[in-house]
Amino acid sequence: MTLENSKKSVVTPWLTPVFKQLINTFQAGRFAHALLFTGCAGIGKFELGKHLAKYLLCSNKQAASCGHCHSCQLFEAQNHLDFHLLQNETNKSIGIEQVRNLIAKLNERPHLGDNKVVIIKNANLLTTAAANALLKTLEEPQGNSYLILLTRSHHQLMPTLLSRVQHTHLHTPEDTELFAWLALQGFNIQDIGLLRLYQNSPFALLSHLQSVRAETGDDERRECVEGLFYLLSHPETLFTFSVFLAEQAEQRLLLLFYLLHDLHKLKLAECIAGNEIQLESDAVYGFAYPQLQIWKNRISLKSLRFLCDELLQTRNLLVEHSALKKELLINALLIKIKNEFK
């Protein structure tokens, strides 16, 4: 199975078994008209959805879409009148008017072939009214209409919506498979900590590596280690570290959480087993193992648990309430972190 990138095909081996199973189900006449794909950001939900949509619209489908018929060519040109993409605008929900317009299109006859396909990105952002408007269409789709919903977790959907779809969860690839795939994309890395940071999410990781190569991004883990180092040794740098974290609060506070969490694992293993745990090979901050060894002697397990809870609470507040003063909350958090270290 291949997915089209801007310049070349991207082979996605972790999606191939799922795609094949869906095709087998379709060919056996047991294919559902409403599907839900869940999985972490960057796992390839949208890529799988597009590939399946192209197959369902193909005029000469077999084990995959033919890629040559008029339908496939229109799909590749993003000009297929029987394919519809429903998604939210930035920082907005998917409203009832968007759903009503979609239903009106589905009630029309197909322009080419027999099928119509809809992909709904970020289905968790459907308002209650929009989700309720969609229920009848999911239960009794008009003609040969297929709806593919995408979201990170099925828990984010209304139970009434969830009960009307066939759910498939997409699992992240194993380390060796992901390293091999990244090598095919031109990135020969062996940093397991980077995999853990991106939760083995292939496209999120690929995007990060591409930005680093293009010198538009950095390995922010190192900036977190340096920020904590200077915070503990030179308290006057607190404001500088706070500004860095506040620029991308959701992502960078999570980076700081992983740093404290790795410290917690190191400290816990020492207390329970009485020996050192080797973090270098399997931790987000394995590369900073020597520094973690020093820091673990300056803080208790109780303090680390307290700080991890405080950090996640601060992050959740900032994610859920964008109007809050980021710098003030992060400053308060960093003061707590500094005070808990001896």
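Residues numbered from 1 in each chain as written. Predicted model: local features only at pLDDT ≥ 70, side-chain atom pairs only at ≥ 80, totals over all residues. Heavy atoms only, no water.

(A) Structural view of the pairing of strand 6 (residues 144-151). The element strand 6 is largely enclosed, with a buried count of seven among its eight residues. Summarising the sheet, strand 3 (residues 34-38) and strand 6 pair through five bridges and their orientation is parallel. Across the sheet, the residue bridging to Leu 35 is Ile 148, located in strand 6. Following the backbone out of strand 5 (residues 115-120), through helix 5 (residues 128-139) and into the adjacent parallel strand 6, one traces a crossover that is right-handed. (Buried < 20%, exposed > 50% of the residue type's maximum accessible area, 1.4 Å probe, protein only. Helix = DSSP H or I, 4+ residues; strand = E, 2+ residues; numbered from the N terminus. Pairing = 2+ DSSP bridges. Right-handed = clockwise from strand over helix to strand, strands pointing away.)

(B) Representation of the nonpolar core in the model. One finds Leu 52, Leu 182, Tyr 285, Trp 295, Leu 334 and Ile 337 to be the most contacted residues of the largest nonpolar core, which totals 77 residues. It is helix 12 (residues 249-273) that provides the largest number of residues to this core, a total of 10 residues. Contact partners of Leu 182, with chain neighbours within four places excluded, come to Phe 187, Ile 189, Leu 205, Leu 206 and Leu 209. Core analysis: the next-biggest nonpolar cluster, separate from the first, contains 22 residues, Ile 103, Ala 123, Ala 130 and Leu 149 among them. (Core = buried A, V, L, I, M, F, W, Y, C linked by side-chain atoms within 4.5 Å. Contact = heavy atoms within 4.5 Å.)

(C) Here's a closer look at the confidence of the model for the chain. Across the chain, the average pLDDT comes to 89, with 93% of residues at 70 or higher. Counting contacts from residues 1-10, a segment whose pLDDT is below 50, to residues more than four positions away or on other chains yields 28 contacts. (pLDDT = per-residue confidence, 0-100.)

(D) Spatial organisation of the pattern of salt bridges. All told, the structure shown has 13 salt bridges when counted by the stated rule. The salt bridge involving Arg 100 is made with Glu 97; its shortest N-O contact spans 3.0 Å. Taken as a pair, Arg 100 and Glu 97 lie in helix 4 (residues 96-106) at a separation of three residues, close to a single helical turn. Shared partners join several salt bridges into a network, and the residues in it are Asp 191, Asp 219, Arg 221 and Arg 222. (Salt bridge = Lys/Arg side-chain N within 4 Å of Asp/Glu carboxyl O.)

(E) Quick look at the environment of Asn 124. One can find Asn 124 in the loop between strand 5 and helix 5. According to the relative accessible area criterion, Asn 124 is partly exposed, its value standing at 27%. Each C-alpha atom of the pair Asn 124 and Leu 15 lies 22 Å from the other, and the pair is 109 residues apart in sequence. A polar contact of 2.9 Å, which involves the side chain of Asn 124, links it to the side chain of Thr 151. (Polar contact = N/O pair within 3.5 Å; in protein donor to acceptor, adjacent residues only side chain to side chain.)

(F) Up close: the side chain of Thr 314. Checked against the element boundaries, Thr 314 lands in helix 14 (residues 301-320). A distance of 2.9 Å separates a polar side-chain atom of Thr 314 from the backbone oxygen of Glu 310. With near-sequence residues (within four places) excluded, Thr 314 lies in contact with Leu 253, Leu 329 and Leu 333.

(G) Highlighting helix 14. Helix length check: helix 14 (20 residues) gives 29 Å between terminal C-alpha atoms against 28 Å at 1.5 Å per residue, within 8%. Residues of helix 14 that are buried: Leu 301, Ser 303, Leu 304, Leu 307, Cys 308, Glu 310, Leu 311, Thr 314, Arg 315 and Leu 318. (Expected span 1.5 Å × (residues − 1).)

(H) Summary view of the packing of aromatic side chains. Within this structure, the stated rule accounts for 12 aromatic pairs. Linked through ring pairs, Phe 26, Phe 31, Tyr 55 and Tyr 146 together constitute an aromatic cluster. The positively charged end of Lys 61 is found above the aromatic ring belonging to Tyr 55, 5.9 Å away from the centroid. The ring of Phe 46 is capped by Lys 121, whose NZ or CZ atom sits 4.3 Å from the centre of that ring. (Phe/Tyr/Trp six-rings, centres within 6.5 Å; stacked < 30°, edge-to-face > 60°. Lys NZ or Arg CZ within 6 Å of the ring centre and 35° of its normal.)

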